[in-house]
Amino acid sequence: MPFSNASGFLLVLLVLGTTTGVVSPVFAGSKAVALMNNRHAAVSSSTPLSPEHVFYANSQVNFSWDDPGLRRRLWSRQPEMAQAEGLLMPTPTIATEKRGLLQKRAPPRVLGTIVKIPSCLGCTLKKHGLLKGTIDELTVDFLERFLIPKDPALLNTCLFYTSVAEDAFDKDAVQHIGSWYNGPKPPKGLSKPATTYGCDNGLVTIWNAFPGSNDVTNAGPDSKKYNFWEVMVEGTWLYEGLYDPSKPPDLGSQVNIRTYFENLSKAFANHCGGTIRILTLDPKELKKYGYIWGNHELKVLRGNLNSVSGPKPTVLIAIDAVDPTIQYMIDWGTDLTATLITKNNPLYFDPALLQRRDTCDQNVHYEPDGQDWFG
């Protein structure tokens, strides 16, 4: 029996509905209608996003696919629209953009986005207007991005220093640091002597490698400018993420802060190349020093000795903190044997007598008296 026009039309509708997955309730039956209603109820009753969720702000926006502005931007091929003071304004056409480029004042094109991804230091959350940095975020790789001097400026200029050992030799030697150091004597550690020596002689210590309140960055004490030293100043972004107020302020108790300093040191050492210098009280027995220098910085430097893509250390020179004119070339091996360098040796470091920067050593004053953060 030949198909009538009506029968053919109904068959086409049924085939199209089956192919596209869109079945009209007229043909779907009660079960399909119930299924569609259940799906709609499930979507409508979904759990709302918490205010902390990255898509929360977008979930609060009500819009309709029938909105004229949205349809115009999606389907009509009219010029894209930019948000300007609450009004939808056409963005420049190609012609006006070319004319603007010729006039060197082309406005940027602002396109609407459905998802706004937050951007912040280390992807941390803002709280009370300050950034909160945790030890999980303050990794070596992350900290390397904030080094002030670039690799060329750290070639042959890096100055490290050791701690003051608990043995009789160091305890006696620290009492006799020479007149070259004009700070309080005897110093509790070598942080301030090393920074003074570096500032006086054109060398770079870790205290000048990261932003703080000094003449390199002019960052000032504002924690919003990412001062990397105020770990014990309440209210700063580092304090909020690292300091444990329930424990004493020493580094033996403040584990997160100690780990942070270790990461800072490794980030600095990883970019030092050429001649490496270290200020110490016992240059002939450099192997006895552990802590930051022996356990972290030295290991990073040794690991880069054969570097082919990054900074490559070449020579290690130990400078006597009591008398900096006494210098030794140190073997990179495990025994760290020392060979005295005379003044006629090209490796001997003759202070350049550069004009001292008044605030060069300002960052080191964040270190409380009696503590040694990087020895």
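Above this text you will find the structure in question.
Can you help me understand the overall build of the protein chain in this one?
Each helix and strand in the protein chain was counted, giving 11 helices and nine strands. Within the protein chain, the proportion of its 375 residues that are buried is 38%. Put simply, of all contacts in the protein chain between residues at least 6 apart along the chain, 64% involve residues at least 24 apart.

What exactly am I supposed to notice about helix α10 (residues 255–269) here?
Working note: α-helix, 3.6 residues per turn, so residues spaced by three or four point in the same direction. A rise of 1.5 Å per residue sets the reference length of α10, with its 15 residues, at 21 Å; its end C-alpha atoms lie 21 Å apart and thus fit the reference within 8%. Within α10, burial applies to Ile257, Tyr260, Phe261, Glu262, Asn263, Leu264, Ser265, Ala267, Phe268 and Ala269. On the buried face of α10, the contacting elements are α6 (140–144), β5 (159–161), α9 (237–242) and α11 (291–303).

In this structure, what is going on with the nonpolar core? I would like to understand it.
What tends to happen in soluble globular proteins is that the nonpolar side chains get buried as a cluster. In this structure, Leu143, Phe160, Phe210, Tyr260, Phe268, Leu281 and Trp293 are the most contacted members of the largest nonpolar core, which totals 66 residues. Sort the elements by how many residues they give to this core and α10 lands first, with seven residues. Contact partners of phenylalanine 268, with chain neighbours within four places excluded, come to Leu147, Leu154, Cys158, Leu159, Phe160, Val204, Thr205, Ile206, Ala209 and Phe210.

Honestly, the packing of aromatic side chains in this entry has me stumped. Any pointers?
Describing an aromatic ring pair means giving the distance of the ring centres and the angle of the ring planes. If you walk through the whole model with that rule in mind, you get 11 aromatic pairs. With centroids separated by 6.1 Å and ring planes inclined at 35 degrees, the aromatic side chains of phenylalanine 210 and phenylalanine 228 adopt a geometry described as tilted. Residue phenylalanine 210 is found in the loop between α8 (191–200) and α9, and its partner phenylalanine 228 is found in the loop between α8 and α9; the two are separated by 18 residues along the sequence. Phenylalanine 228 carries the same exposure label as phenylalanine 210, and that label is buried. One aromatic cluster in this structure is built from Phe142, Phe146, Phe210 and Phe228.

Would you mind showing me how to read the side chain of threonine 162 here?
Considering the arrangement of structural elements, one finds threonine 162 in the loop between β5 and α7 (168–173). Taking relative accessible area as the criterion, threonine 162 reaches 0% and is therefore assigned buried. Polar contacts involving the side chain of threonine 162 include one to the side chain of threonine 280, which spans 3.0 Å.

Any chance you could explain the pattern of salt bridges here in plain terms?
For side chains of opposite charge, pairing can occur when their charged atoms come near one another. Evaluated as defined, the whole model comprises five salt bridges. Of the charged contacts in the structure, one is a salt bridge between lysine 171 and glutamate 166, with a shortest N-O distance of 3.7 Å. For lysine 171, a relative accessible area of 45% translates into the label partly exposed. The shortest N-O distance in the salt bridge between aspartate 167 and lysine 288 comes to 2.6 Å. With aspartate 167 in the loop between β5 and α7 and lysine 288 in the loop between β6 (274–280) and α11, the pair connects residues that are 121 residues apart, well separated along the chain. Among the charged side chains, a network of salt bridges with common partners joins Asp167, Asp170, Asp282 and Lys288.

Quick notes on the rules
- Residues numbered from 1 in each chain as written.
- Predicted model: local features only at pLDDT ≥ 70, side-chain atom pairs only at ≥ 80, totals over all residues.
- Heavy atoms only, no water.
- Helix = DSSP H or I, 4+ residues; strand = E, 2+ residues; numbered from the N terminus.
- Buried < 20%, exposed > 50% of the residue type's maximum accessible area, 1.4 Å probe, protein only.
- Contact = heavy atoms within 4.5 Å.
- Expected span 1.5 Å × (residues − 1).
- Core = buried A, V, L, I, M, F, W, Y, C linked by side-chain atoms within 4.5 Å.
- Phe/Tyr/Trp six-rings, centres within 6.5 Å; stacked < 30°, edge-to-face > 60°.
- Polar contact = N/O pair within 3.5 Å; in protein donor to acceptor, adjacent residues only side chain to side chain.
- Salt bridge = Lys/Arg side-chain N within 4 Å of Asp/Glu carboxyl O.

By themselves these figures say nothing about function.
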